[in-house]
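# An overview of the molecular structure
Residue strings, one per chain:
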Amino acid sequence: METRACVIHAEKDLRVEAVPLGAPGEGEVLVRVGAGGICGSDLHYYQHGGFGTVRVRQPMVLGHEVAGTIEAVGAGVTALRPGDRVALNPSSPCGHCRFCLAGEQQHCTDMWFWGSAMRFPHSQGAFRERIVIKANRCEPIGEVVSLGEAACCEPLSVALHAVRQAGSIAGKRVLVTGAGPIGALVVAAARQAGAVDVVSTDLQANALEKAAAMGATATISAADGEGLARAEFLADKGWFDVAIECTGAGPVLESILPVVRPRGTIVQVGMGGNTQLPLGTLVGKELSLRGAFRFHEEFATAARLIKERRIDVTPIITGSLPLGEAVRAFEMASDRSRHSKVQILFE
Ligand code: NAD
Ligand code: ZN
């Protein structure tokens, strides 16, 4: 059997073509994919054929933010039935390496993460009409939300993990730099975790509107001259308790140090190149600087929050196109001045 998929061959060479499809084996299910969100990494493969040393070296199905409907179940699957609507976890850690055994699956040494050219053969992705997957990677999302909303479980998981890396943020003042899909979802996750002030910054007015819709208590344009360097944020050694960096633009991290209070925490989510930091400030203010990478158990939490609309992700979904128009969808997603999350519809 075959199924139609969205396959990257090289930079700007994205094709909708047939790929093989098996039948669900023991413990597996066959899912009819409904919606899939285009993420920054998918865009990098499309626009540049990869990022850094990671290059597309063989045709690879893109996509890791998907949700769909169970069509058939394999032997031994009792928790899911045909017709169930589910979000699909793109992450498949090995389960027996040192990090998996320690409950730190995001650092698995043998990770298969959908739509990634980090290993060879590449880890094929999920932008396809049908997919066979282990039943335990499916999170039920009920009947209320759309499959497009359910497909936001993956980026919301990243956001929940980032907020978790900040420690307890209940009652705190939080700065979120960057209001792309990740930053906007971090805003929502920070509000959900009880932050009282969540200030969002971005260069794009459109992104700031999304952050406001996701619960930012204030938005600041980083495009105007002052940016973060305002008297109220600088006073008293820094106004924010926590900052979560979601731009990936190196100089942004440096601009955060003066506005976080001594002993505050900075979580770096955005991935970029190298940057310079004034170590004297980091030391003198006893700041904690942490990375946040992917997620593990947060996926189930994200599914619950979306399923019950305790976090409403609809504001960030700015475009949806059918699989046949995948190239147009990728072009739309490339226009960051207009679009946040663009999705492909498979049915
Ligand atoms: P995105 O490109 O849509 O969003 C980045 C936003 O930052 C844009 O809206 C842009 O206008 C804004 N920005 C750029 N420079 C800025 C500046 N100087 N000041 C303020 N805002 C600025 O990307 P995204 O999908 O939201 O992802 C955000 C970052 O998170 C990316 O770097 C991505 O690679 C990274 N990411 C990390 C993980 C992880 O596990 N750590 C997972 C997914 C994405
Ligand atoms: Zn492992």
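A brief structural summary. (Residues numbered from 1 in each chain as written. Chains lettered and ligands numbered in written order. Predicted model: local features only at pLDDT ≥ 70, side-chain atom pairs only at ≥ 80, totals over all residues. Heavy atoms only, no water.)

## A word on the overall build of the chain
For the record, the criterion: Here a helix means four or more residues in a row that DSSP labels H or I, a strand means two or more in a row labelled E, and each is numbered from the N terminus. All radius of gyration figures rest on C-alpha atoms, and the globule criterion is 2.2 Å times the number of residues raised to 0.38. A contact between two residues is defined here by any heavy atoms of the two lying within 4.5 Å. We count Lys and Arg on the positive side and Asp and Glu on the negative side, and we leave His and both chain ends out. Where a charge lies is defined by one atom per residue type, namely NZ (Lys), CZ (Arg), CG (Asp) and CD (Glu).
Assigned secondary structure in the chain consists of eleven helices and 20 strands. Taken against the 2.2 N^0.38 rule, which gives 20 Å for 347 residues, the C-alpha radius of gyration of the chain at 20 Å falls within 12% of a compact globule. When the backbone C-alpha atoms are referred to their principal axes, the chain occupies close to 65 × 40 × 40 Å. Contacts spanning at least 24 positions in sequence make up 67% of the contacts within the chain whose residues lie at least 6 apart. The centroid of the 34 positive side-chain charges in the chain is displaced by 3 Å from the centroid of its 36 negative side-chain charges.

## What about the environment of Pro 262?
You can see Pro 262 is positioned in strand S17 (residues 260–268). For Pro 262 and Lys 237, which are 25 residues apart along the polypeptide, the C-alpha to C-alpha distance reads 6.8 Å.

## Topic: the coordination of the zinc ion (ligand 2)
Definition in use: Each metal's donors are the N, O and S atoms within 2.8 Å of it, or within 3.2 Å when it is Na, K or Ca, and because water is not part of the set, sites may look incomplete. In this scheme the shape depends on donor count and angles: four donors with every angle between 85 and 135 degrees give tetrahedral, four or six donors with opposite pairs above 155 degrees and others between 65 and 115 give square planar or octahedral in turn, and any other case is irregular. Here the term buried applies to any residue with accessible area under 20% of the maximum for its type, exposed to any over 50%, and partly exposed to those in between, with areas from a 1.4 Å probe on protein chains only.
Taken together, the protein ligands of the zinc ion (ligand 2) are Cys 94 (SG), Cys 97 (SG), Cys 100 (SG) and Cys 108 (SG), with distances of 2.3 to 2.4 Å. Coordination geometry of the zinc ion (ligand 2): the four donor atoms subtend angles of 105 to 116° at the metal centre, consistent with an arrangement described as tetrahedral. Binding-site remark: the zinc ion (ligand 2) is held by donors from one chain whose sequence spacing is C-x2-C-x2-C-x7-C. Taken as a pair, Cys 94 in the loop between strand S9 (91–92) and helix H2 (98–101) and Cys 108 in the loop between H2 and strand S10 (112–113) lie far apart in primary sequence, 14 residues in all. The buried category is assigned to Cys 108, whose relative accessible area is 9%.

## Quick look at the packing of helix H4 (residues 153–165) against helix H10 (residues 298–307)
Note the threshold: All axes are obtained by fitting lines to C-alpha atoms, using only the stretch in contact for helices, and the reported angles, taken between N-to-C directions, cover 0 to 180 degrees. Oblique is the label for any angle not under 35 degrees, not over 145, and not in the 65 to 115 range, which are roughly parallel, roughly antiparallel and roughly perpendicular in turn. In a left-handed crossing the near helix is turned counterclockwise from the far helix by less than a right angle, and in a right-handed crossing that turn is clockwise. Polar here means any residue outside two lists: the nonpolar Ala, Val, Leu, Ile, Met, Phe, Trp, Tyr, Cys and Pro, and the charged Asp, Glu, Lys and Arg; Gly therefore counts as polar.
The contact between H4 and H10 brings their axes to 8 Å, and the two run at 115°. On the basis of the axis angle, H4 is roughly perpendicular to H10. The handedness of the crossing between H4 and H10 comes out as right-handed. Across from Cys 153, Glu 154, Leu 156, Ser 157, Leu 160, His 161 and Arg 164 in H4, the residues of H10 making contact are Glu 298, Phe 299, Thr 301, Ala 302, Ala 303, Leu 305 and Ile 306. When its residues are assigned to classes, the contact of H4 with H10 shows eight nonpolar, three polar and three charged.

## Section: the nonpolar core
Quick reminder of the rule: Among buried residues, those of type Ala, Val, Leu, Ile, Met, Phe, Trp, Tyr and Cys that are joined through side-chain atoms within 4.5 Å constitute a nonpolar core. Just so you know, the domain bounds were taken from an automatic or database domain assignment.
In this structure, Leu 156, Ile 169, Val 186, Met 214, Ile 244 and Val 269 are the most contacted members of the largest nonpolar core, which totals 54 residues. Of all elements in the fold, only helix H3 (147–150), H4, strand S13 (173–177), helix H5 (181–192), helix H6 (205–213), strand S16 (240–245) and H10 reach the threshold of two or more residues within this core. Mapped onto the domain boundaries, this core takes at least three residues apiece from domain 1 (2–152 + 313–345) and domain 2 (163–291). Setting aside its immediate chain neighbours within four residues, Leu 156 contacts Leu 185, Ala 302, Leu 305, Ile 306 and Ile 311. Residues Met 60, Leu 88, Cys 138 and Phe 346 belong to the second largest nonpolar core, which totals 38 residues.

## Remarks on the environment of Ser 146
Here Ser 146 shows up in the loop between strand S12 (138–140) and H3. Counting along the chain gives 132 residues from Ser 146 to Pro 278, while the straight-line C-alpha distance between them is 46 Å.

## What to know about the packing of aromatic side chains
Definition in use: Note on aromatic contacts: the rings of Phe and Tyr and the six-membered ring of Trp form a pair at centre separations within 6.5 Å, being stacked when their planes are under 30 degrees apart, edge-to-face when over 60 apart, and tilted otherwise. Lysine NZ or arginine CZ positioned within 6 Å of the ring centre and within 35 degrees of the ring normal marks a charge as sitting over the ring.
Under the criterion given, the structure shown has eight aromatic pairs. Ring centres of Phe 113 and Phe 295 lie 6.4 Å apart, and the angle between their planes is 65°; on these two criteria the pair is classed as edge-to-face. You can see Phe 113 sitting in strand S10 and its partner Phe 295 sitting in the loop between strand S18 (288–291) and H10, a full 182 residues away along the chain. Residue class for Phe 113 comes out buried when judged on its relative accessible area of 7%. Feature note: the residues Phe 113, Phe 295 and Phe 299 constitute an aromatic cluster, connected by ring pairs. Seen from the ring of Trp 112, Arg 119 lies directly overhead, with NZ or CZ sitting 3.7 Å from the centre. Between the NZ or CZ atom of Arg 294 and the centre of the ring of Phe 113, over which it lies, the distance is 3.9 Å.

## Observations concerning the site of ligand 1
Quick reminder of the rule: Nearness here has a simple test: a residue counts as near a molecule or strand if at least one of its heavy atoms is within 4 Å of that partner. Identification of polar contacts relies on pairs of N or O atoms within 3.5 Å, with a donor-acceptor requirement for protein atoms, meaning one able to donate a hydrogen and the other able to accept it, and with residues adjacent in sequence counted only if both atoms are side-chain atoms. Methods summary: accessible areas were calculated by the Shrake-Rupley approach with a probe of 1.4 Å, and residue burial reflects only the protein chains presented.
In the vicinity of ligand 1, 22 residues are found, and the nearest of them are Ile 182, Asp 202, Ala 292, Arg 294 and Arg 336. One of the backbone nitrogen or oxygen atoms of Pro 181 is found 3.2 Å away from an oxygen atom of ligand 1. Here a nitrogen atom of ligand 1 and a backbone polar atom of Ala 292 are 2.7 Å apart. Summarising the interface, the protein chains cover 79% of the accessible area of ligand 1, which totals 850 Å² for the free molecule.

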